[in-house]
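Here is how the chains run, residue by residue.
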Amino acid sequence: AGPGSYTVGTMSERFDCHYCRDPLQGKKYVQKEGRHCCVKCFEKFCANTCIECKKPIGADSKELHFKNRYWHDNCFRCFKCYTSLVNEPFMLRENNKVWCSNCTATEDAPRCKGCFKHIIAGDQNVEYKKMVWHKDCFTCSQCKQVIGSGSFFPKGDDFYCVSCHEHKFAKTCAKCKNPITSGGLTYQEQPWHSECFICSNCKKQLGGKRFTAVEDQFYCVECYKECVAKKCAGCKNPITGFGRGTSVVNYEDESWHDYCFKCTKCARGLANKRFVCHNGKIYCAECPKRL
């Protein structure tokens, strides 16, 4: 941009300065809005003021203007990096300061939460919940190794890599003592890997299935019946505690389902009743009298 609103030349005719009335013939002059004036009076009364240095822009200076703001050409520089912006793209920012496009892009870029420097176009970065880091600044709070784009676990304002999170926060399996990173189950307030909570006999996983615990060992229903459960002295089937007949009658090293404990002669149920043992057989109180 140039002055546009006035012309500069050397007076060849007889004219006096509009302000100081000195003769202008043979002297350099400025014509503005139909008035002729000497260079000195132009700077005093007519010249625009540079928005940067606050000094008048004289007739001998190159002037640039933008939206009714004026600069000397050598004052038209980037506020941030001081690069000349003559014939260069620029932006007018707060306080009427001009910025080059590079500095504008950098200033408007987000800041890394790690190093607090700007993240500019082309930088690899990590974003999480409206926060952003340079990729190499996103590190584990425990081991300080770069997490980058890998998996991590947030804890408050801290972030942990998978390994550190396992050692610091993950529950430990009651059997193998290794961290439980996902899934798992709880039995009697103790955590277990699903693959560790298994039948002691057939090794099938017991999660979500019926099982029986015997002296810190776990058995599925089938293995408990086959290997552990006592056999009913009446029906000879295992006494499991599952389904019908959860109550058990014990007498002299033998056990019965409660519904199998009955009189040998009259078949009356004897659970919770008086009974007589005669020649290794169980009778109600009345039947031995009839033998």
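Preceding block: the structure.
On a predicted model such as this, the values are computed, not experimentally measured, just so you know.

J.: I keep staring at the overall build of the chain and nothing clicks. Help me out?
T.: Within the chain, the secondary structure is distributed over four helices and 21 strands. In terms of overall dimensions, the chain is more spread out than a globule: its C-alpha atoms have a radius of gyration of 49 Å, far above the 19 Å expected for 291 residues. Summarising its shape, the C-alpha atoms of the chain cover approximately 165 × 35 × 20 Å along the three principal directions. Split into buried and exposed, the 291 residues of the chain put 31% on the buried side. Across the chain, the 46 positively charged side chains and the 30 negatively charged ones have centroids separated by 8 Å.

J.: What exactly am I supposed to notice about the nonpolar core here?
T.: Most often, soluble globular proteins keep nonpolar side chains buried together rather than apart. Membership of the largest hydrophobic core comes to 13 residues, with the highest contact counts inside it found for Trp71, Phe76 and Leu85. Among the elements that make up this core, the one with the highest residue count is strand S7 (residues 98–100) (three residues). The contacts of Leu85, once residues within four sequence positions are left out, are Phe76, Arg77, Cys78, Phe90, Val98, Trp99 and Cys100.

J.: Looking at this model, I keep getting lost on helix H4 (residues 221–228). Mind explaining?
T.: Owing to its 3.6 residues per turn, the α-helix aligns residues three or four sequence positions apart on the same side. Within the sequence span of H4, burial applies to Val221, Cys223 and Tyr224. Projected down its long axis, H4 shows its buried positions confined to an angular sector of 165°, all on one face. Exposed positions of H4 whose direction lies more than 90 degrees from the buried face are Glu222 and Glu226. For H4, the elements touching its buried residues are strand S16 (211–214) and strand S17 (217–220).

How each quantity is defined
- Residues numbered from 1 in each chain as written.
- Predicted model: local features only at pLDDT ≥ 70, side-chain atom pairs only at ≥ 80, totals over all residues.
- Heavy atoms only, no water.
- Helix = DSSP H or I, 4+ residues; strand = E, 2+ residues; numbered from the N terminus.
- Rg over C-alpha atoms; globule rule 2.2 N^0.38 Å.
- Buried < 20%, exposed > 50% of the residue type's maximum accessible area, 1.4 Å probe, protein only.
- Lys, Arg positive; Asp, Glu negative; His and termini not counted.
- Charge placed at Lys NZ, Arg CZ, Asp CG, Glu CD.
- Core = buried A, V, L, I, M, F, W, Y, C linked by side-chain atoms within 4.5 Å.
- Contact = heavy atoms within 4.5 Å.
- Arc of directions from axis to C-beta.

Bear in mind that shape data such as this cannot, by itself, settle questions of function.
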